[in-house]
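# Structural overview for review
The chain contents come next:
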Amino acid sequence: MDQRNYLTVSPEISIVIPVYNEALNLPLLFERLCAVVDKMARPAEIVFTNDGSKDNSLDLLKGFVAQRPDLIRVIEFDRNYGQHMAVMAGLETARGEIVVTLDADLQNPPEEIPKLIAEIDKGHDVVGSFRLDRQDSMWRTLPSRIVNVVRERITGIKMRDQGCMLRAYRHPIVRVIVESGETSTFIPALAQYYAESPSEVEVVHAARHAGVSNYNLYRLLRLNFDLMTGFSLVPLQVFTMVGMAVSGASVLLVVYLLLRRIFVGPEAEGIFTLFAILFFLLGVVITGLGIVGEYIGRIYQQVRARARFRIRAIHERPAPK
Ligand code: UDP
Ligand code: MG
């Protein structure tokens with residue numbers, strides 16, 4: 001294989017890929033990526049972050065470094081910190097003027113990378129993508145679609161497809177994302193927030209090559225709470241407004257009961273109606289407390305200012321002397 005000695009030159013393009021238990025996908029991904037990058041013939045690097053995989057992903061990745069030291073660098077986390085922190089670490093170390101993020105499961109075909117780069121070359125600083133024909137199960141796509149709409153309403157961040165991680169950013173955008181210092185964040189939204197000239201392209205979507213999604217319903221919910229709370233105070237404001245509406249309604253109720261007491265007489269029935277109303281209000285209060293808690297928890301995480309992740313090692317070719 002020809003070694004183009006790219007890493008002695010500063011790469012123009014960095015491809016950042018989070019990896020969590022993807023051993024079955026990595027060999028094919030590596031092969032297809034190399035083909036794409038070599039064809040582009042622009043100085044490039046591929047940065048994998050091993051997010052505490054429990055399978056032999058790390059060994060495979062180290063093998064890639066040995067095979068293509070001109071191209072591959074591997075960041076090794078000491079444990080699992082989640083997809084967005086894995087991407088964050090990749091962005092932190094990426095040296096390219098253009099940075100592309102990609103999933104490791106081959107749902108985003110590497111062959112689409114040149115399309116994104118072409119869009120960046122047109123002068124855009126953030127290029128997102130949307131999946132035309134999404135290859136996921138119904139229970140995975142339907143919630144996504146609902147969440148997409150709710151998110152756009154609440155946060156005002158326009159992304160046609162928030163779940164698609166195949167995206168390209170210019171270096172200044174990457175810098176502000178990294179410097180934001182955010183821990184529970186959603187990188188495409190952050191990029192969109194800072195973008196001056198965003199654009200989106202259409203990409204094909206494949207079914208997961210092997211293995212199963214790392215997101216269950218709980219993790220998906222958590223991720224979406226990150227997105228909502230991280231980019232909007234609307235949930236809190238809605239809660240305040242509900243509170244005000246309920247107070248207003250209860251004033252009316254009091255007036256009604258007072259008049260009734262005067263003109264009709266005392267009442268002792270309707271106790272279960274009262275329970276129903278009470279339970280409803282209790283539900284509203286607990287939900288509100290939960291929403292407040294979501295924010296406070298994130299404030300707490302952020303003010304502790306713990307390291308977002310710990311890198312155990314970076315595997316790459318030693319710097320030339
Ligand atoms: N991933 C990760 N850390 C995690 C979960 C996922 O680095 O804790 C990576 C995973 O290896 C893949 C990408 O994030 O490259 C997307 O994960 P997955 O395909 O499971 O999510 P989905 O496509 O179902 O949203
Ligand atoms: Mg996937």
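Remember, it's a predicted structure, so these values are computed and weren't measured experimentally.

Parameters at a glance
Residues numbered from 1 in each chain as written. Chains lettered and ligands numbered in written order. Predicted model: local features only at pLDDT ≥ 70, side-chain atom pairs only at ≥ 80, totals over all residues. Heavy atoms only, no water. Near = heavy atom within 4 Å. Polar contact = N/O pair within 3.5 Å; in protein donor to acceptor, adjacent residues only side chain to side chain. Helix = DSSP H or I, 4+ residues; strand = E, 2+ residues; numbered from the N terminus. Nonpolar A, V, L, I, M, F, W, Y, C, P; charged D, E, K, R; others polar. Donors = N, O, S within 2.8 Å, 3.2 Å for Na, K, Ca; no water. Buried < 20%, exposed > 50% of the residue type's maximum accessible area, 1.4 Å probe, protein only. Pairing = 2+ DSSP bridges. Axes fitted to C-alpha atoms, helices over the stretch in contact; angles between N-to-C directions. Contact = heavy atoms within 4.5 Å. Patch = residues over 30% accessible without salt bridge, like charges linked within 9 Å, V, L, I, M, F, W, Y side chains within 5 Å. Areas by Shrake-Rupley, 256 points an atom, 1.4 Å probe, with all protein chains shown as cover. Salt bridge = Lys/Arg side-chain N within 4 Å of Asp/Glu carboxyl O. Expected span 1.5 Å × (residues − 1). Core = buried A, V, L, I, M, F, W, Y, C linked by side-chain atoms within 4.5 Å. Phe/Tyr/Trp six-rings, centres within 6.5 Å; stacked < 30°, edge-to-face > 60°. Lys NZ or Arg CZ within 6 Å of the ring centre and 35° of its normal.

### Here's the deal with the site of ligand 1
Taken together, 19 residues form the shell around ligand 1, and within it Glu22, Asp51, Asp105, Ser213 and Asn214 come nearest. Contact between ligand 1 and Ala104: an oxygen atom at 2.8 Å from a main-chain N or O atom of the residue. Breaking the shell around ligand 1 down by element, the ones donating at least two residues are strand E1 (13-19) and helix H3 (83-93). For the shell around ligand 1, the per-class residue count stands at six nonpolar, six polar and seven charged.

### Looking at the coordination of the magnesium ion (ligand 2)
Distances from the magnesium ion (ligand 2) to its protein donors, Asp105 (OD) and Gln107 (OE1), fall at 1.9 to 2.0 Å. Each of the two residues, Asp105 as well as Gln107, counts as buried.

### Side note on the sheet that holds strand E6 (residues 167-170)
The strand order E7-E5-E6-E4-E1-E2-E3-E8 describes an open sheet built from eight strands, whose pairing is mixed. Strands with a single pairing partner mark the edges of an open sheet, and in this sheet they are strand E7 (198-203) and strand E8 (311-315). Pairwise comparison of adjacent strand axes, ignoring direction, gives a mean angle of 20° for this sheet. Two elements, strand E2 (residues 44-50) and strand E3 (residues 72-77), share five bridges in a ladder whose sense is parallel. Each bridged residue has a counterpart across the sheet, and for Asn50 the counterpart in E3 is Glu76. Strands in contact with helix H2 (residues 57-67) are E1, E2, E3 and E8; relative to E3, the strand with the most contacts, it is inclined by about 150°.

### Re a nonpolar patch on the surface
On the surface, Val251, Val255, Leu258, Leu259, Ile262, Phe263 and Val264 cluster together to form a nonpolar patch covering roughly 740 Å² of accessible area. Structurally, Phe263 can be placed in helix H9 (residues 234-263). Judged by relative accessible area, which is 66%, Phe263 ranks as exposed.

### A short note on H9
Compared with the 44 Å implied by 1.5 Å per residue over 30 residues, the 43 Å span of H9 between its first and last C-alpha is a close match. Downstream of H9 by one or two residues, Gly265 has phi in the positive range, about 120°.

### As for the nonpolar core
Core analysis: the largest hydrophobic core is formed by 37 residues, its most contacted members being Ile15, Ile17, Phe48 and Ile113. At the level of secondary structure, the elements contributing two or more residues to this core comprise E1, helix H1 (26-40), E2, H2, E3, strand E4 (98-101), helix H4 (113-121) and E7. When residues in this core are grouped by element, the largest group, eight residues, is from H1. Sequence-distant contacts of Ile15, that is, excluding residues within four places in its chain, are made with Leu33, Val37, Glu45, Ile46, Val47, Val100, Leu102 and Ile113. In this structure, Met165, Ile177, Leu190 and Tyr215 belong to the second largest nonpolar core, which totals 34 residues.

### Here we look at the environment of Met88
Structurally, the position occupied by Met88 is in helix H3. By relative accessible area, Met88 is classed as buried at 0%. Placed 55 residues apart in sequence, Met88 and Leu33 show a C-alpha to C-alpha distance of 20 Å. Apart from residues no more than four positions distant in its own chain, Met88 is found in contact with Ile177, Val178, Glu182, Thr185, Ile187, Arg308 and Phe309.

### Some words on the packing of aromatic side chains
Scanning the model with the defined rule gives seven aromatic pairs in all. Taking 6.1 Å as the distance between ring centres and 50° as the angle between the ring planes, the aromatic pair formed by Phe48 and Phe64 counts as tilted. Here Phe48, found in strand E2, pairs with Phe64, found in helix H2; they are 16 residues apart in sequence, far enough to count as distant. Considered together, Phe48 and Phe64 belong to a single accessibility category, that of buried residues. Note on Phe275 and Phe279: the rings are 6.0 Å apart at their centroids and 25° apart in plane angle, and the pair reads as stacked. Taken together, the positions of Phe275 and Phe279, both in helix H10 (residues 271-304) and four residues apart, correspond to about one turn of that helix. A relative accessible area of 39% means that Phe275 is categorised as partly exposed. The lysine or arginine in question, Arg160, covers the ring of Phe130, its NZ or CZ lying 3.8 Å from the ring centre. Directly above the aromatic system of Tyr215 lies the positively charged group of Arg219, at a separation of 5.3 Å from the ring centroid.

### Section: the side chain of Ser129
In this fold, Ser129 is placed in strand E5 (residues 126-131). Within the structure, Ser129 has its side chain in polar contact with the backbone oxygen of Leu166 (distance 2.7 Å). Setting aside anything within four residues of it in sequence, one finds Ser129 in contact with Asp161, Cys164, Leu166, Arg167, Val201 and Val203.

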